[in-house]
Amino acid sequence: MDDEAITARGRRAATGGTPAGRAGGRLADEVYDTLLGQLMSLRIEPGSRVTIDVLARELGVSQTPIRDALNRMEAEGLVVRVPHAGYRIPPQITRHRFEDMLEVRLLLEPAAARRSAERASSEQVAGLRRMLEEMAELEGGNGPTAYGAFGLRDAAFHDLVALSAENQVIREALARLHSHVHLFRLHHDTQVTHLAMAEHEDVVAAIAARDPDAAAYAMRRHILRSGDRFRRLFDEVNDANGMAVEA
């Protein structure tokens, strides 16, 4: 297993369990997390084809956990099965899908942060702080692997906030969005990680202070600012396409 698998194991330990809908302690989980990290770091590029036998050789495992992980990713819309040809990585999300995803996050995540400030245990608050420390270590890392690892921790941070809110419906809904997988696939930009860190710290500070209003406000501000950062990526692509047409 590579760095993403190590990161994923740390993610499960930090959250005190497995993400929503996950079974723990299985090799297929580690393979799943490894492939997620490769998607987020763009090591596996949109539109590329992946096969079970090649992945088994690369990861040094049997085909069974590879098949289990890919079947799960197919059910979640992260890969597409191609008859007699393995699997294909779908293209990047569209601008419309991005805006829809942002709207759902704005409905759910501030509410989760509010409830977390009211309900989180001291152990969960400590887990959030440890997560920030681990993300800070990755923030300055160079290359796609560090970026993908940061993205996995970012997703785990938001999952832990939802877990500590003690609302399983919100947690499951957010898990199904796979928003961080889609967002980090858009572009490799270390400025994104730097800005996200400061915003995460505001969220944790409000939760630790048991201030529900401040926690909800900090989370809403974080999602809005994150939306602005990634929205610019769509605008840059559109501008580049327009210039290509004019040329």
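Residues numbered from 1 in each chain as written. Predicted model: local features only at pLDDT ≥ 70, side-chain atom pairs only at ≥ 80, totals over all residues. Heavy atoms only, no water.

Across its full length, the protein holds eleven helices and three strands. Counted from the first residue to the last, the protein has its helices and strands arranged as α-α-β-α-α-β-β-α-α-α-α-α-α-α. Considering only residue pairs separated by 6 or more positions, the protein has 78% of its internal contacts joining residues 24 or more positions apart. Summed over all atoms, the accessible surface of the protein reaches about 11,500 Å², with 51% contributed by carbon and sulfur. (Helix = DSSP H or I, 4+ residues; strand = E, 2+ residues; numbered from the N terminus. Contact = heavy atoms within 4.5 Å. Areas by Shrake-Rupley, 256 points an atom, 1.4 Å probe, with all protein chains shown as cover.)

On to the environment of Glu199, then. Along the chain, Glu199 turns up in helix 10 (residues 190-208). For Glu199, a relative accessible area of 6% gives the class buried. Separated by 27 residues in sequence, Glu199 and Ser226 have C-alpha atoms that sit 9.4 Å apart. (Buried < 20%, exposed > 50% of the residue type's maximum accessible area, 1.4 Å probe, protein only.)

Let us look at the packing of aromatic side chains. Summed over the entire model, instances satisfying the criterion amount to zero aromatic pairs. If you follow Arg72 out to its NZ or CZ, it ends over the ring of Tyr32, 3.5 Å from the centre. (Phe/Tyr/Trp six-rings, centres within 6.5 Å; stacked < 30°, edge-to-face > 60°. Lys NZ or Arg CZ within 6 Å of the ring centre and 35° of its normal.)

This part takes up helix 4 (residues 63-75). Over its 13 residues, helix 4 runs 18 Å from end to end, which matches the ideal 18 Å to within 8%, given 1.5 Å per residue. Within helix 4 the residues assigned to the buried category are Pro65, Ile66, Ala69, Leu70 and Met73. Viewed end-on, helix 4 has its buried residues packed into an arc of 130°, placing them on one side of the element. Looking at the residues trailing helix 4, positive phi occurs at Gly77, about 80°. (Expected span 1.5 Å × (residues − 1). Arc of directions from axis to C-beta.)

This paragraph deals with the pattern of salt bridges. Charged atoms that come close allow side chains of opposite charge to pair. Counted according to the given criterion, the structure contains 14 salt bridges. In this structure, the salt-bridge partner of Glu109 is Arg105, at a minimum N-O distance of 2.6 Å. Placement of both Glu109 and Arg105 in helix 5 (residues 95-119) is noted, with a separation of four residues, approximately one turn of the helix. A single salt-bridge network, built from bridges that share partners, covers Arg95, Glu99, Asp228 and Arg231. (Salt bridge = Lys/Arg side-chain N within 4 Å of Asp/Glu carboxyl O.)

Take the sheet that holds strand 1 (residues 49-50) next. Pairing within the open sheet is antiparallel, and its three strands lie in the order 1-3-2. Sheet topology places strand 1 and strand 2 (80-82) at the edges, where each strand pairs with a single neighbour. Examined bridge by bridge, strand 2 and strand 3 (residues 86-88) share three bridges and lie antiparallel to one another. In the sheet register, Arg81 faces strand 3, and the bridge partner there is Tyr87. (Pairing = 2+ DSSP bridges.)

Packing of helix 5 against helix 8 (residues 168-177) leaves a shortest axis separation of 10 Å and a crossing angle of 150°. Classified by the interaxial angle, the pair formed by helix 5 and helix 8 is roughly antiparallel. Classified by chirality, the crossing of helix 8 by helix 5 is left-handed. Counting all contacts with helix 5, which are made through Met101, Val104, Arg105, Leu108, Glu109, Ala111 and Ala112, the residues of helix 8 involved are Ile170, Ala173, Leu174 and Leu177. Residue composition of the contact of helix 5 with helix 8, by class: nine nonpolar, no polar and two charged. (Axes fitted to C-alpha atoms, helices over the stretch in contact; angles between N-to-C directions. Parallel < 35°, antiparallel > 145°, perpendicular 65-115°, else oblique. Left-handed = near helix turned anticlockwise from the far one by under 90°. Nonpolar A, V, L, I, M, F, W, Y, C, P; charged D, E, K, R; others polar.)

In most cases, non-glycine residues show a negative phi, while peptide bonds are predominantly trans. Even without glycine at this site, His84 takes up a positive phi of about 65°. Tracing the backbone through its elements, the reader meets His84 in the loop between strand 2 and strand 3. The exposure class assigned to His84 is exposed, which follows from its relative accessible area of 88%. Even without glycine at this site, Glu166 takes up a positive phi of about 60°.

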